[in-house]
Amino acid sequence: MSPQTPPSADPGASATVLTDRYGAPSPWRRRGVLIASVAVSVLFLSWLAWTSWLHATPAVDSELISFDVVDDHTATAVLQIELADDSVEATCLLRAFAEDHTVVGELSFVPDPAAGNRIEQTVRTERLATSVESIGCTAEGQTRPR
């Protein structure tokens, strides 16, 4: 048996032994990984900010305020429609449903910016409607009704 040598008290000596045995990492590798990580993080955060802003500020936004079933073939709806500016051309869609949840009337219309934000529309139905739903409004470049 050979006598064991006690571990060195110098921590730098063990690092030197490991470096001699396995080789030292390239000096640029750590810096390169750090720079690449920062670049990817900045790109991701920029994309996230742009996406958040784009979806938070749509060209058109609408909300159904109220509806009223007038008779067997008519229902009215009052909508609040917010356009980003007067040049936005939006298309809105209303649907009227019967008691058995079938669609009995549908109205697609283009809101007039000069009419103001509150718009009342009349939906013609094929039979008595029990509810009116606003599907929403879309503008150019806006894929999801709002």
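Scroll up for the structure.
Attention here is on the structure that accompanies the text. Numbering of residues begins from 1 in every chain and follows the order in which that chain's sequence is written. For this predicted model, a pLDDT threshold of at least 70 governs which residues receive local features, and a threshold of 80 or more governs which side-chain atom pairs are given and counted, while totals over whole chains, interfaces and linings are taken from all residues. Note: side-chain values were computed over all heavy atoms of the structure, leaving out hydrogens and water.

Looking at the sheet that holds strand β1 (residues 60–71)
Item 1. Ordered in space as β1-β2-β5, the three strands form an open sheet in which the pairing is antiparallel. One side of each edge strand has no neighbouring strand; the edge strands of this open sheet are β1 and β5 (118–124). Sheet twist, expressed as the average angle between the axes of neighbouring strands with direction ignored, equals 25 degrees.
Item 2. Here, strands pair whenever DSSP counts at least two bridges between them. The helix and strand labels rest on DSSP assignments: H or I over at least four residues marks a helix, E over at least two residues marks a strand, and numbering proceeds from the N terminus. With 10 bridges connecting them, β1 and strand β2 (residues 74–83) associate as antiparallel partners. Counted as the bridge partner of D61 is E82 from β2. Note on geometry: axes are lines fitted to C-alpha atoms, helical ones only across the stretch in contact, with angles between N-to-C directions running from 0 to 180 degrees.

Here's the deal with the packing of aromatic side chains
Here the distance between the centres and the angle between the planes together describe a pair of aromatic rings.
Item 1. Between the rings of Phe, Tyr and Trp (Trp by its six-membered ring), a pair exists once the centres lie within 6.5 Å; its type follows the angle of the planes, with under 30 degrees stacked, over 60 edge-to-face, and the other angles tilted. The final tally for this structure, using the stated rule, is one aromatic pair.
Item 2. Between F44 and W47, the ring centres sit 6.0 Å apart and the planes meet at 35 degrees, which makes this aromatic pair tilted. Taken together, the residues F44 and W47, both in helix α2 (residues 27–56) and three residues apart, mark about one turn of the helix.

A short note on the nonpolar core
Item 1. Membership of the largest hydrophobic core comes to 20 residues, with the highest contact counts inside it found for V60, I81, L94, A96, F109 and V132.
Item 2. Not counting residues up to four positions away in its chain, the partners in contact with V60 are I81, E82, L83, A90, C137, T138, A139, Q142 and R146. Working definition of a nonpolar core: buried Ala, Val, Leu, Ile, Met, Phe, Trp, Tyr and Cys residues. They are joined through side-chain atoms within 4.5 Å. Burial classes follow relative accessibility: with a 1.4 Å probe on protein chains only, a residue under 20% of its type's maximum area counts as buried, one over 50% as exposed, and anything between as partly exposed. Contacts: residue pairs with any heavy atoms within 4.5 Å of one another.

Notes on the pairing of strand β4 (residues 103–109)
Item 1. Pairing of strand β3 (residues 90–97) with β4 involves six bridges; the strand directions are antiparallel. Counted as the bridge partner of L94 is L107 from β4.
Item 2. Count of turn residues in the β3/β4 antiparallel hairpin: five residues, of which H101 carries a positive phi of about 70 degrees.

Focus on unusual backbone geometry
Item 1. Unusually for a residue other than glycine, H101 sits at a positive phi of about 70 degrees.
Item 2. Relative to the helices and strands, H101 is located in the loop between β3 and β4.

Section: the pattern of salt bridges
Item 1. Any carboxyl oxygen of Asp or Glu within 4 Å of a side-chain nitrogen of Lys or Arg constitutes a salt bridge here. Overall, the coordinates contain two salt bridges when judged by the stated rule.
Item 2. For R127, the salt bridge identified is with D100, shortest N-O distance 3.1 Å. With R127 in the loop between β5 and β6 (131–139) and D100 in the loop between β3 and β4, the pair connects residues that are 27 residues apart, well separated along the chain.

A word on a nonpolar patch on the surface
Item 1. On the surface, F44, L45, W47, L48, W50, W53 and L54 cluster together to form a nonpolar patch covering roughly 800 Å² of accessible area.
Item 2. Following the sequence through the fold, W53 ends up in helix α2.
Item 3. The class of W53 is exposed, set by a relative accessible area of 56%. Patch membership requires more than 30% relative accessible area and the absence of a salt bridge. Residues of like charge join within 9 Å; the nonpolar side chains Val, Leu, Ile, Met, Phe, Trp and Tyr join within 5 Å. Surface accessibility follows the Shrake-Rupley procedure with a 1.4 Å probe radius. Residue values consider only the protein chains on display as shielding.

A few points about the sheet that holds β3
Sheet strands associate in pairs through backbone hydrogen bonding, adopting either a parallel or an antiparallel arrangement.
Item 1. Spatial strand order, β4-β3-β6: three strands in an open sheet with antiparallel pairing. Each edge of the sheet is formed by a strand with only one pairing partner; in this case those strands are β4 and β6. The average undirected angle you get between the axes of adjacent strands in this sheet is 15 degrees.

Quick word on the pairing of β5
Item 1. Covered by surrounding structure in β5 are I119, Q121 and V123 only, the residues R118, E120, T122 and R124 on the alternate face being uncovered.
Item 2. The pairing of β2 with β5 spans seven bridges and is classified as antiparallel. The residue of β5 that forms the bridge with T76 is T122.

Keep in mind that these numbers describe shape and distance, not what the molecule does.
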